[in-house]
Amino acid sequence: MAGFRQLLRNTPEGLYCPPGDFHIDPVRPVPRAVITHGHSDHARSGHGAVLATPQTLAIMAARYGADFAARTEAANYGERVTRNAVDVTLVPAGHVLGSAQAVLRWKGITAVISGDYKRRRDPTCPLFEPVPCNLFVSEATFGLPVFRFPDASDEIAKLLKSVTLFPDRTHLVGAYALGKAQRIICLLREAGYAKTLYMHGAMDSMNALYQAHGVDLGPLAPATSAARNALPGEIVIAPPAAIADKWARRFADPIPAFASGWMMVRARARQRHVELPLVVSDHADWDELTETFTELKPEELWITHGSEEALLRWAALNQVSATALEIAGYEDEDE
Ligand SMILES: [Zn+2]
Ligand SMILES: [Zn+2]
């Protein structure tokens, strides 16, 4: 009987499927790639052919230009595409708009390459869909037991409370431009915040793309006012690098905030001069990771990019056969 090692293999370019002759999220240009989502460490330009969800293809085109690959093919969630003898299906990963797990089926074997994922509800993308499999490939960005994230809505409540307490100051929220920013905006809307939200220019193209894909962000305006003490009492969303930058000085006594799973680590918040850390992550925390492994019961687990060690120990204690994959080139754009 065929084994999953014939279906999927680790190569210097990234994960490779020999019977289908394609790579998944390759870190170097390859003839044929399946891309799980649009973050730059997973979605690179210069491949021959790219198979991805329509949203991910749109994100890649917005970031790299329409000629980011020689050929593209869009597959909607749940649609089955055949590559030689391998069936490829993209199913929701719950990470960002268009994010997918690549489900490979071949000779009775199922391998799931989950890309980046989380199990929590996200108003900007469908919920992670568990697929029973023989081989599960998991990220491990927050693969340590210390990472147990609070409810995102509680973190948003913290932000809104601070806005009420400091009506003369600008709240400057650092959030990555693809995914986190739009999730924060939607969470603020869900919490009843209907006012205009002010945006750093780096957010514009992804905000427009999300809106074009049916994600309602409510009233947005550019935060480009050059006047001193601009936008008191308002919320400004900017790339993390901008919140401690000269750019931030135009605002009224700004309170720097940062939305990231890393804000659980006090030293990281201090390093970035963050006064208001908001623990909102688009990655699975320790419980989400281990609960996913328990639910899927794969014969084999491959763990990649992040903290593999503790998860390997968890797998050994729980009689799951697990291996840490060494793939260089995933740089965690999104957190
Ligand atoms: Zn990602
Ligand atoms: Zn990743």
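Residues numbered from 1 in each chain as written. Chains lettered and ligands numbered in written order. Predicted model: local features only at pLDDT ≥ 70, side-chain atom pairs only at ≥ 80, totals over all residues. Heavy atoms only, no water.

A.B. asks: Before we go on, may I ask you to explain the coordination of the zinc ion (ligand 2) in this structure?
C.D. replies: Each donor-metal-donor angle would ideally measure 109.5 degrees in four-coordinate tetrahedral geometry, or 90 or 180 degrees in six-coordinate octahedral geometry. The coordination sphere of the zinc ion (ligand 2) contains the protein donors His 42 (NE2), Asp 116 (OD), Asp 116 (OD) and His 305 (NE2), at a distance range of 2.2 to 2.4 Å. For the zinc ion (ligand 2), the 4 donor atoms are set out with angles of 57 to 140 degrees between them, so the coordination reads as irregular. Expressed as a motif, the donor residue spacing for the zinc ion (ligand 2) is H-x73-D-x188-H. Metal-to-metal, the separation of the zinc ion (ligand 2) and the zinc ion (ligand 1) is 4.2 Å; Asp 116 coordinates the two. Remark: His 305 occurs in strand β18 (residues 300-306) and Asp 116 occurs in the loop between β10 (109-113) and β11 (135-140); sequence separation between them is 189 residues. Neither residue differs from the other here; Asp 116 and His 305 are each classed as buried. (Donors = N, O, S within 2.8 Å, 3.2 Å for Na, K, Ca; no water. Tetrahedral: all angles 85-135°; square planar, octahedral: opposite > 155°, others 65-115°. Helix = DSSP H or I, 4+ residues; strand = E, 2+ residues; numbered from the N terminus. Buried < 20%, exposed > 50% of the residue type's maximum accessible area, 1.4 Å probe, protein only.)

A.B. asks: Is there a simple way to think about the sheet that holds strand β12 (residues 171-174) in this case?
C.D. replies: The strands making up a sheet are joined through hydrogen bonds of the backbone, oriented either antiparallel or parallel. If you walk across this open sheet you meet the 6 strands as β14-β13-β15-β12-β16-β17, and the pairing is parallel. Of all the strands in the sheet, just β14 (220-222) and β17 (276-278) have a single pairing partner and so form its edges. Across the sheet, the mean angle from the axis of one strand to that of its neighbour is 30 degrees, orientation sign disregarded. Inspection of the sheet shows strand β13 (residues 197-199) paired to β14 by 3 bridges, in the parallel sense. (Pairing = 2+ DSSP bridges. Axes fitted to C-alpha atoms, helices over the stretch in contact; angles between N-to-C directions.)

A.B. asks: It is not clear to me how the packing of aromatic side chains should be interpreted in this structure. Could you clarify?
C.D. replies: Where two aromatic rings form a pair, the distance of their centres and the angle of their planes describe that pair. In the structure shown here, the tally under the stated rule is 11 aromatic pairs. When the centroid spacing of 5.1 Å and the interplanar angle of 35 degrees are considered together, the rings of Tyr 117 and Phe 128 count as tilted. Taken together, the positions of Tyr 117 in the loop between β10 and β11 and Phe 128 in the loop between β10 and β11 put the pair 11 residues apart, joining distant regions of the chain. By relative accessible area, Tyr 117 is classed as buried at 0%. Ring geometry for Phe 142 against Trp 262: centres 4.5 Å apart, planes inclined by 50 degrees, an arrangement best described as tilted. Here Phe 142, found in the loop between β11 and α3 (152-165), pairs with Trp 262, found in the loop between β16 (255-259) and α6 (266-271); they are 120 residues apart in sequence, far enough to count as distant. Judged by relative accessible area, Phe 142 falls into the buried class, the value being 0%. (Phe/Tyr/Trp six-rings, centres within 6.5 Å; stacked < 30°, edge-to-face > 60°.)

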